[in-house]
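Descriptive analysis of the structure
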Amino acid sequence: MRTALRALAATAAALLAVTALSPAAQARPEPEAPEEFVALRSVDPTIIQEMRYTTAHTFLGERVDGYRQPVCILTRPAARALHLAQKRLLRQGYSLKVYDCYRPQRAVDHFVRWAKDLDDQSMKGEFYPRVEKDRLFEDGYIAEKSGHSRGSTVDLTLVRLPALPTRPYRPGERLAPCFAPKDERFPDNSVDMGTGYDCFDTLSHTDDPRIQGPQRANRQLLKQTLTEVGFVNLPEEWWHFTFRPEPFPDTYFDFPVHRRPVAGH
């Protein structure tokens, strides 16, 4: 009997140990960043970073999955090209400001889930006032894959120096359309580009003929400067540029936006 009890106790202890260890054993390790990825700040610390998707001031109205720290990560060639562009702009009294850089696939998946939830319209008043949410896929504003996940695409703007601070977004505050006059939109220390960042509207098309004067000149300065160092603009978004040739033209990465995946690179 004693032998049987000891055996039963040992079996129970073993089962408890397996149960305790199973979550860790089953946990999937985080994907790692290849050596070709770097933190932009390690290449050029003067470029302003306002990593929008680490905040609630997004078209989703919440922080985006995979954005754990406000750090811009890019492939090394893309980061070096931004450094060249920044040097030229600093001489003219401007700085680049990045809104988004590498974007993990889990963040893109978050976008897709949000777009399919037609009941969630909390940020429509700012980011897509004139677009029905059920058209976001058809009109190309949301897709299941993003060039950002390949690591050489960046969303950015220009800031006139000296840069003024931008106040934080307060969830629940009154929303203004992203294409409203600059002094009516959410305050941003960037130059006036005619719309805010992530504005789902045809006015965001880089060469939209309705955008004239200083707003058009600002867009052209950004586009020309980045084109000269190897970036290609997405015509539908004045803020969206991809460095060519891409080191990873066919790979969509999913490591989180965090300093750790690129530490020491």
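Our subject in this report is the structure included herewith. For clarity, every value in this text was computed on a predicted model and none was experimentally measured. (Residues numbered from 1 in each chain as written. Predicted model: local features only at pLDDT ≥ 70, side-chain atom pairs only at ≥ 80, totals over all residues. Heavy atoms only, no water.)

With seven of its seven residues buried, strand S4 (residues 94-100) lies for the most part within the structure. Bridging between strand S2 (residues 48-49) and S4 involves two bridges; their strand directions are parallel. Counted as the bridge partner of Gln49 is Val98 from S4. (Buried < 20%, exposed > 50% of the residue type's maximum accessible area, 1.4 Å probe, protein only. Helix = DSSP H or I, 4+ residues; strand = E, 2+ residues; numbered from the N terminus. Pairing = 2+ DSSP bridges.)

By secondary structure assignment, the location of Gln69 is in the loop between S2 and strand S3 (73-75). A distance of 2.9 Å separates a polar atom in the side chain of Gln69 from the backbone nitrogen of Arg259. (Polar contact = N/O pair within 3.5 Å; in protein donor to acceptor, adjacent residues only side chain to side chain.)

This brings us to the packing of helix H3 (residues 76-90) against helix H6 (residues 213-227). Packing of H3 against H6 leaves a shortest axis separation of 9 Å and a crossing angle of 130°. What the angle tells us is that H3 and H6 run oblique. Considering the relative orientation of H3 and H6, their crossing is right-handed. Contacts from Leu82, Ala85 and Leu89 in H3 reach Leu221, Thr225 and Leu226 in H6. Taken together, the residues of the contact of H3 with H6 break down into five nonpolar, one polar and no charged. (Axes fitted to C-alpha atoms, helices over the stretch in contact; angles between N-to-C directions. Parallel < 35°, antiparallel > 145°, perpendicular 65-115°, else oblique. Left-handed = near helix turned anticlockwise from the far one by under 90°. Contact = heavy atoms within 4.5 Å. Nonpolar A, V, L, I, M, F, W, Y, C, P; charged D, E, K, R; others polar.)

To continue, consider the sheet that holds strand S5 (residues 153-160). As summarised here, the arrangement of the five strands in space is S2-S4-S5-S7-S6, forming an open sheet in which the pairing is mixed. A single partner strand is all that each edge strand has here, and the edge strands are S2 and strand S6 (231-233). Running over the sheet, H3 touches S4, S5, S6 and strand S7 (240-243) and is turned about 145° from S4. Strands in contact with H6 are S4, S5, S6 and S7; relative to S5, the strand with the most contacts, it is inclined by about 125°.

Ranked by internal contacts, the top residues of the largest apolar core, which has 62 residues, are Leu82, Val98 and Phe231. Of all elements in the fold, only strand S1 (37-39), S3, H3, S4, helix H4 (105-116), S5, H6 and S7 reach the threshold of two or more residues within this core. It is H3 that provides the largest number of residues to this core, a total of six residues. With residues up to four places along the chain from it excluded, the contact list for Phe231 reads Ala78, Ala81, Leu82, Ser152, Val154, Leu226, Phe241, Thr242 and Phe243. (Core = buried A, V, L, I, M, F, W, Y, C linked by side-chain atoms within 4.5 Å.)

Next up on the list: empty space enclosed by the protein. Applying the stated criterion across every chain yields a total of one cavity of 30 Å³ or more. Estimates place the volume of the largest cavity at around 180 Å³. As for the largest cavity, its lining consists of 20 residues, of which Arg185, Phe186, Asp188, Gly196 and Tyr197 are closest to the centre. Class assignment for the residues of the lining of the largest cavity results in 11 nonpolar, four polar and five charged. (1 Å grid on protein atoms, 1.4 Å probe; cavity = no way out; pocket = protein on both sides within 12 Å on 5 of 7 lines; lining within 4 Å. Points joined across faces, edges and corners; volume = space filled by probe spheres on them.)

The next subject is the side chain of Lys97. By the element assignment, Lys97 lies in strand S4. Polar contacts involving the side chain of Lys97 include one to the side chain of Asp188, which spans 2.7 Å. A polar contact of 2.7 Å, which involves the side chain of Lys97, links it to the side chain of Asn189. Not counting chain neighbours up to four residues away, the residues in contact with Lys97 comprise Ile48, Glu50, Asp155, Leu156, Thr157, Val159, Thr166, Asp188, Asn189 and Ser190.

The next point concerns the pairing of S5. When you tally the buried positions in S5, you get seven out of eight residues, the bulk of the element. Pairing analysis gives three bridges linking S5 to S7, with the strands arranged antiparallel. Within the sheet, the bridge partner assigned to Val154 lies in S7 and is Phe241.

Across its 15 residues, H6 extends 21 Å between first and last C-alpha, which sits within 8% of the 21 Å expected from 1.5 Å per residue. Turning to H6, its buried residues number three or more, namely Asn218, Arg219, Leu221, Leu222, Thr225 and Leu226. Buried positions in H6, seen along its axis, are confined to an arc of 155° and lie on one side of it. Those residues of H6 that are buried are in contact with H3, S4, S5, S6 and S7. (Expected span 1.5 Å × (residues − 1). Arc of directions from axis to C-beta.)

Turning our attention to the layout of surface pockets. One number sums up the size of the largest pocket: a volume of about 560 Å³. Taken together, 30 residues form the lining of the largest pocket, with Gly140, Tyr141, Leu234, Glu237 and His240 sitting closest to its centre. Mapped by element, the contributors of at least two residues to the lining of the largest pocket are S5, S6 and S7. A breakdown of the residues in the lining of the largest pocket according to their chemical character gives 11 nonpolar, 10 polar and nine charged. The space that makes up the second largest pocket amounts to roughly 210 Å³.

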